[in-house]
Amino acid sequence: MALFSGTATVVPRNLALTSSAKLCVVRSSSPRFLSYLGKAGFGNRVALSLSTVRAESSACLSGSGSGSGSGSFHGLCYVVGDNIDTDQIIPAEYLTLVPSKPDEYEKLGSYAMVGLPASYANRFIQPGHTKTNYSILIAGANFGCGSSREHAPVALGASGVSAVVAHSYARIFFRNSVATGEVYPLESQLRLCEECTTGDVVTIELGLNRFINHTTGKEYLLKPIGDAGPVIEAGGIFAYARKTGMIPSR
Amino acid sequence: MASSLLSPSFTSFLRTKKDLSFSALSSQRCPKGVPRRIRCAVAAPQRQPSTTGSVRTAMTMTEKILARASEKAQLSPGDNVWVNIDILMTHDVCGPGSIGIFKREFGEDAKVWDREKVVIIPDHYIFTSDERANRNVDILRDFCHEQNIKYFYDIKDLSNFKVNPDYKGVCHVALAQEGHCRPGEVLLGTDSHTCTAGAFGQFATGIGNTDAGFVLGTGKLLLKVPPTLRFVLDGEMPDYLLSKDLILQIIGEISVAGATYKAMEFVGTTVESLTMEERMTLCNMVVEAGGKNGVVPADSTTFKYLEGKTSMPYEPVYSDQQARFLSEYRFDVSKLEPVVAKPHSPDNRALARECKDVKIDRVYIGSCTGGKTEDFLAAAKVFLASGKTVKVPTFLVPATQKVWMDLYSIPVPGSGGKTCSQIFEEAGCDTPASPSCGACLGGPKDTYARMNEPKVCVSTTNRNFPGRMGHKEGQIYLASPYTAAASALTGYVTDPREFLQ
Ligand code: SF4
């Protein structure tokens, strides 16, 4: 781990490297995952043109193997601090939107992170836009504290976020992220919110628990996904329950 | 969900003792002989004592509740188990989404696992002309009719809540008042303050829509057994303190993430002396410390409260004397002072008297934390003692219809028979509003008492993150009903001892 500490290895990355180019094998028993992948796309190229990074960002989760799976996320990052609560992720006035209704799902996404104070000069979603340019959210400690509203991970997912990398999470947010498969919740060993700046180009390699900041040229280690692994791998609580025979498969 | 679970990283199991009080006078207390079985109309199958001589490991009460609900003899923190759920509660903000997931996953014609174990309580966005908010209550109603849900506390006429006999108000207070909180049981709700019910000696925690959709269909959920932090509160409670001061003290001590993934067990002579409503305040805010659940051992106060509220048999459980706690914190309550949580975090603790120069614009008394009958009685006590009128607008939002009625009927002690509502009127407060969550979480723009401008508010609610009560730049000081009332009288954050001594 020391190898990956902030001051350590600065690995010049070949940015055209196709670290995420492997073919994804997706379990058909996992509808949530499909939509998850569908959202992020199957891009197999690490694109560098900032304007197209989002569209070409890759998220490939292989269903094979044990552990937390392999695959990667790539894109621009948005950086927030500690104790970002669910009211900042999605303010209560938008909770009348029902996430399981497709049009309201999209709307929720357009309000993601709108509760951040004005001190965040770079807004998460540009005025007039409905999606974010930042597919990876980087946060400090206790991300997602506050309410149990599942609208929070849903709004992030609907806005175009694929993964969140926080120093730590509030319990219910983490659980809701895994349950819904809307965003992949990862934890960093170091406080990446102090190592990264909004707009940096980053890659997450799940299999290696590696986080790469291409803008600064530094690499960091992420924490293994832990107990949630089997459920994430299955594709959420329903898929997990079907896989383990808790509820009948369909 | 997965997880339940899930703690991304599981902390090693340390046993540490922390002494946070001014003195370590309090001695270790043992649970006293409380009856093990109460009102058992139906005898649950008793496990025969093991004859193999195997030694049973001691468990905390949280571990025991989850062990029983998962039909296991033994559980340890970190175990992931499928737990049978006794009650699932949902409301108008998360109910429609949970129902959507239930139908998507189990089919349009699916039936809930038990129509008597699902409790649906519209409470968040009720008195608003927001069409989507109104529609969400309609979705709940349609579902309850379709599924023949036994406990649905409906509201149809928004112009006058009193003509809706079924309507209750804030779900966590209604759950208790309607007898849905029972010792030893497992209660899940699509609301983070579901932990309030831990006051009854049960496991209660908040979940998301997807988990709730799963529970609706199966009556089960995969949960991870949390380790327990124990808080020993001893000493006589000074008459200027309320439970809100105790929990703000504790959160200030351990921080907003100090109990993440953990159970918080409250014991000690002070806790034993607290009423049920005060115990609910204590457990209500464990989520503000990141806690998974809070729990108070059931005792005669609990059993008395439940009399006449439920006819269901229940079986309390208690932590074994040898149970393992991750840490133990001790407080000598007699030495504590009134506190507030300053903007913008519930752990930003300060003594109320240290904030006496903070000028405020308004006071809000309401919510599942500070909108119960006793909270209003406490505020009335301060107004009565001062004989003065408020200097800033003071908004009163009773949690439930029952609380509202209490304000108009229960005489305030020492007032010569006046009710809370009379005292509030004399003090110049706003008339008590229709019971609901109100402005506790902001809500639609036309919500009563919502902070639509960047004001400074002293509030008896539970969260003061940016934007919580409406305006992003608003400043919220969380306080007890005593401190809130005292602050209303001066227009500054004020220690209630100025009026109570
Ligand atoms: S009163 Fe406030 S904290 Fe309590 S349930 Fe309602 S919105 Fe949540």
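Per an unreviewed UniProt entry, chain A goes by the name 3-isopropylmalate dehydratase and belongs to Psophocarpus tetragonolobus. Quoted verbatim from the Pathway (unreviewed entry) field of the UniProt record, the comment on chain A reads "Amino-acid biosynthesis; L-leucine biosynthesis; L-leucine from 3-methyl-2-oxobutanoate: step 2/4." Checking UniProt for chain A, the heading Subunit (unreviewed entry) contains the comment "Heterodimer of the large LEUC/IIL1 subunit and the small LEUD (SSU1, SSU2 or SSU3) subunits."

Student: So what about the environment of V295 of chain B? Which residues, and what values?
Tutor: All names here are of chain B. One can find V295 in strand β11 (residues 293-295). Of the residues examined, V295 reaches a relative accessible area of 0% and is grouped as buried. Spatially, the C-alpha atoms of V295 and V267 are 8.9 Å apart, while their sequence positions differ by 28 residues. Those residues in contact with V295, other than ones at most four positions away along the chain, are M61, T62, G198, G201, Q202, M264, E265, F266 and C283.

Student: Break down the sheet that holds strand β2 (residues 134-139) of chain A for me, citing the residues and quoting the values.
Tutor: Residues and elements named next belong to chain A. Pairing is mixed in the open sheet, where seven strands are placed in the order β4-β3-β2-β1-β5-β6-β7. Where the open sheet ends on each side, the last strands, each with one partner, are β4 (184-187) and β7 (218-221). The mean angle between the axes of side-by-side strands here comes to 30°, regardless of whether they run parallel or antiparallel. Sheet topology places strand β3 (residues 163-166) next to β4; four bridges connect them, and they run parallel. Looking at β4, one finds that V164 is bridged to P185.

Student: An account of the nonpolar core is requested, with residue identities and associated values reported.
Tutor: In this structure, F124, I138, F143, L156, I204 and F211 of chain A are the most contacted members of the largest nonpolar core, which totals 115 residues. The two domains that each donate at least three residues to this core are domain 1 (87-222) and domain 3 (340-500) of chain B. For F124 of chain A, the residues in contact, after removing those within four places along its chain, are Y78, A112, M113, T132, N133, Y134, L137, L156, S159 and V161 of chain A. By size, the runner-up hydrophobic cluster in this structure holds 105 residues, among which are V119, L241, M276 and L396 of chain B.

Student: Summarise the domain arrangement of chain B; cite the residues concerned and give the values.
Tutor: One frequently used descriptor of interface size is the decrease in accessible area upon assembly of the parts. Residues and elements named next belong to chain B. Split by domain assignment, chain B resolves into domain 1 (87-222), domain 2 (227-309 + 325-336) and domain 3 (340-500). Here the C-alpha centroids of domain 1 and domain 3 sit 27 Å apart. Between domain 1 and domain 3, the contact holds 22 residues from the first and 19 residues from the second. Here domain 1 meets domain 3 over a buried area of about 1800 Å², counting both sides, of which 63% is carbon and sulfur. Where domain 1 packs against domain 3, one counts zero salt bridges. The tally of links between domain 1 and domain 3 comes to 11 residue pairs in polar contact (both at pLDDT 80 or more). Partitioning the side of domain 1 that touches domain 3 into residue classes produces nine nonpolar, nine polar and four charged.

Student: Report on the pattern of salt bridges, specifying residues and quantitative values.
Tutor: All names here are of chain B. Taken as a whole and assessed by the stated rule, the structure comprises 37 salt bridges over all chains. Among the salt bridges present, the one from K168 reaches E178, with a minimum N-O distance of 3.7 Å. Within this pair, whereas K168 is found in the loop between β5 (151-152) and α4 (171-177), its partner E178 is found in the loop between α4 and β6 (186-189), the two being separated by 10 residues in sequence. Salt bridges linked by common partners bring E337, R353, D495 and R497 together as one network.

Student: Go over the interface of chain A and chain B with me, naming the residues and quoting the values.
Tutor: Taken together, the contact pairs 55 residues of chain A with 63 residues of chain B. Buried area between chain A and chain B, summed over both chains or domains, comes out near 4600 Å², and the portion from carbon and sulfur atoms is 57%. For D227 of chain A, the salt bridge goes to K224 of chain B, with nearest N and O atoms at 2.5 Å. Between the two partners, chain A and chain B, sit 25 residue pairs in polar contact (both at pLDDT 80 or more). Looking at the side of chain A that touches chain B, the elements with two or more residues in it are α3 (86-89), α4 (102-110), α6 (171-180) and α8 (237-243) of chain A. In terms of residues, the side of chain A that touches chain B owes the most to one element, α6 of chain A, which gives eight residues. When its residues are assigned to classes, the side of chain A that touches chain B shows 25 nonpolar, 13 polar and 17 charged.

So, how was this worked out
Residues numbered from 1 in each chain as written. Chains lettered and ligands numbered in written order. Predicted model: local features only at pLDDT ≥ 70, side-chain atom pairs only at ≥ 80, totals over all residues. Heavy atoms only, no water. UniProt positions renumbered as here; feature names shortened; annotations may be inferred. Helix = DSSP H or I, 4+ residues; strand = E, 2+ residues; numbered from the N terminus. Buried < 20%, exposed > 50% of the residue type's maximum accessible area, 1.4 Å probe, protein only. Contact = heavy atoms within 4.5 Å. Pairing = 2+ DSSP bridges. Axes fitted to C-alpha atoms, helices over the stretch in contact; angles between N-to-C directions. Core = buried A, V, L, I, M, F, W, Y, C linked by side-chain atoms within 4.5 Å. Domains from an automatic or database assignment. Buried area = accessible area lost by both parts, 1.4 Å probe. Salt bridge = Lys/Arg side-chain N within 4 Å of Asp/Glu carboxyl O. Polar contact = N/O pair within 3.5 Å; in protein donor to acceptor, adjacent residues only side chain to side chain. Nonpolar A, V, L, I, M, F, W, Y, C, P; charged D, E, K, R; others polar.

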